[in-house]
Amino acid sequence: MVSAMKKSLAVLAIAATVVEASAFVPQGAAHSPVKSLVASSSPSTAASSTAFSADADLKSSTSLALSATGGAAAEAEDKSASGAKDAIITGGYFALWYLFNIGYNIYNKQALNVLDYPWTIATIQMAVGIPYFVALWALGIRKAPKLSMSDLKTLFPVALCHTGVHVGAVIALGAGAVSFAHIVKASEPVVTCLLNFVLLGEVLPTKVYMTLLPIIGGVGIASMKELSFTWLALAAAMLSNVSSSARGVLSKKTMSGKQIGENLDAPNLYSVLTAMSTVILIPLMLAMEGTGFFGAFSKVVESGEYTKKSLSTLLALSGATYYAYNEVAFQALGRVNPVTHAVGNTIKRVVIIVASVIAFKTPMSTGSIIGSSVAIAGTLMYSLAMNGAKKKKD
């Protein structure tokens, strides 16, 4: 069964990579450099009064023209090869993003099925990434960020939201089917539009708001027809949505146009938020679940379902894949335009839903399939409409 599941996940990841490959070619790769190269290489031939010199000049011009054409062709080939290489690298990032995301959802659900301690598991997953980026900083592979106390205060509300995104998702994935949690999470654009209006006073074009209708309708249909529906899963997934939208709005409000410390690029920002969220989660975990997790861990081992090593490995893998898919996502999404980003994110959600249904044999009703399809399609239309609105504004 495990072997079959791994094969299915590999096929899904390869399929997703192939589907998106055409969108990964850099925008500049389509422009041929031949014209400009030939123009810049044209010789300025001096006039000559003799036939010999004229003939020599003609031969020289012809040779240079042929040389320039050949050079331009070689340059074009180099550009084409560079574009193909870039497309392969980007496709690889997307494949890893999907695989790590699928792996996280499966490892996380397996852990939650035997250990009903979502707050503790969320804390462990958040903390697992810390040794990775600390090692990168210590070894000089990545420049360590330098932050003042004022910078940390600015980032604290964003870190709180980051915490809510993760813990809400973990609770939702534990309380219901993985597929249902991701269907509800597809409704995040609705919350984003609302918070942007309330907190920033931002009014979007009508066509953007129109795309919210299929999202709301699709999630509503899927919720009504969901065979494993629970109110806790719905509420927790919505907590994750609200936290994610608030994180974006607060980042825009508090960090836009403001210099925060040194070396705080996107990966380092994610690392800092991970460390801050871990610190936030520890007291919350103890308040919500105490230390009961350790007793439950021992009971699972005693039951023979897992060994101490295999259960620890499962928890470590859920944390490692959680950090890895976010880290790779930064690399993947930073290499493509917003439209490809939207398409990639939509396909990712579909792949995760399909993979979770295969892995856990979770049945989906016809209504749930229709509702999720409508909601996910609405999310794609929202992303494309938002991209169009931003282009017009710029």
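Structure shown above.
Residues numbered from 1 in each chain as written. Predicted model: local features only at pLDDT ≥ 70, side-chain atom pairs only at ≥ 80, totals over all residues. Heavy atoms only, no water.

**Q** Before we move on, could you go through the overall build of the protein chain and cite the residues and values that matter?
**A** Looking only at helices and strands, the protein chain has 16 helices and zero strands in total. Scored against the burial criterion, the 394 residues of the protein chain give a buried share of 43%. Considering only contacts in the protein chain between residues 6 or more positions apart, those separated by 24 or more positions represent 88%. Total accessible area computed for the protein chain in this model is approximately 19,800 Å², and 67% of it derives from carbon and sulfur atoms. (Helix = DSSP H or I, 4+ residues; strand = E, 2+ residues; numbered from the N terminus. Buried < 20%, exposed > 50% of the residue type's maximum accessible area, 1.4 Å probe, protein only. Contact = heavy atoms within 4.5 Å. Areas by Shrake-Rupley, 256 points an atom, 1.4 Å probe, with all protein chains shown as cover.)

**Q** I'd like to hear about the nonpolar core, residue by residue, with values.
**A** Burial of nonpolar side chains together is a common tendency in soluble globular proteins. Of all hydrophobic cores here, the largest spans 52 residues; its most connected members are Trp97, Leu115, Ile121, Leu311 and Leu315. Aside from chain neighbours lying at most four places away, what touches Leu311 is Val114, Leu115, Phe297, Val300, Val301 and Tyr306. (Core = buried A, V, L, I, M, F, W, Y, C linked by side-chain atoms within 4.5 Å.)

**Q** Mind laying out the packing of aromatic side chains, listing which residues take part and the relevant values?
**A** Summed over the entire model, instances satisfying the criterion amount to 13 aromatic pairs. Summarising the aromatic geometry, the rings of Tyr104 and Tyr322 are spaced 5.5 Å apart at their centres and angled 50° between planes, so their arrangement reads as tilted. One end of the pair, Tyr104, is in helix α3 (residues 51-114); the other, Tyr322, is in helix α14 (residues 308-333), with 218 residues separating them in the sequence. Neither Tyr104 nor Tyr322 differs from the other in exposure class; each is buried. Between Phe133 and Tyr323 the ring centres are 5.9 Å apart and the planes differ by 35°, which places this aromatic pair in the tilted class. One end of the pair, Phe133, is in helix α5 (residues 130-138); the other, Tyr323, is in helix α14, with 190 residues separating them in the sequence. Here Tyr323 falls in the buried class, since its relative accessible area comes to 4%. Ring-pair connections join several aromatic residues into one group, and the members of that group are Tyr132, Phe133, Trp137, Tyr270 and Tyr323. (Phe/Tyr/Trp six-rings, centres within 6.5 Å; stacked < 30°, edge-to-face > 60°.)

**Q** Outline a nonpolar patch on the surface, supporting the account with residue identities and numerical values.
**A** On the surface, Leu194, Phe197, Val198, Leu199, Leu200 and Val203 cluster together into a nonpolar patch covering about 560 Å² of accessible area. Along the chain, Val198 falls in helix α8 (residues 188-200). (Patch = residues over 30% accessible without salt bridge, like charges linked within 9 Å, V, L, I, M, F, W, Y side chains within 5 Å. Salt bridge = Lys/Arg side-chain N within 4 Å of Asp/Glu carboxyl O.)

**Q** A description of the packing of helix α4 (residues 118-128) against α14 should follow, citing residues and the corresponding values.
**A** The relative placement of two packed helices comes down to the angle between their axes together with the axis-to-axis distance. Packing of α4 against α14 brings their axes to within 7 Å, and their N-to-C directions diverge by 60°. In terms of their interaxial angle, α4 and α14 are classed as oblique. Our pair here, α4 against α14, has a crossing hand that is right-handed. For the pair α4 and α14, the contacting residues are Ile121, Gln125, Met126 and Val128 in the first and Leu315, Ala316, Ser318, Gly319, Ala320 and Tyr322 in the second. Classifying every residue of the contact of α4 with α14 by side-chain character gives seven nonpolar, three polar and no charged. (Axes fitted to C-alpha atoms, helices over the stretch in contact; angles between N-to-C directions. Parallel < 35°, antiparallel > 145°, perpendicular 65-115°, else oblique. Left-handed = near helix turned anticlockwise from the far one by under 90°. Nonpolar A, V, L, I, M, F, W, Y, C, P; charged D, E, K, R; others polar.)

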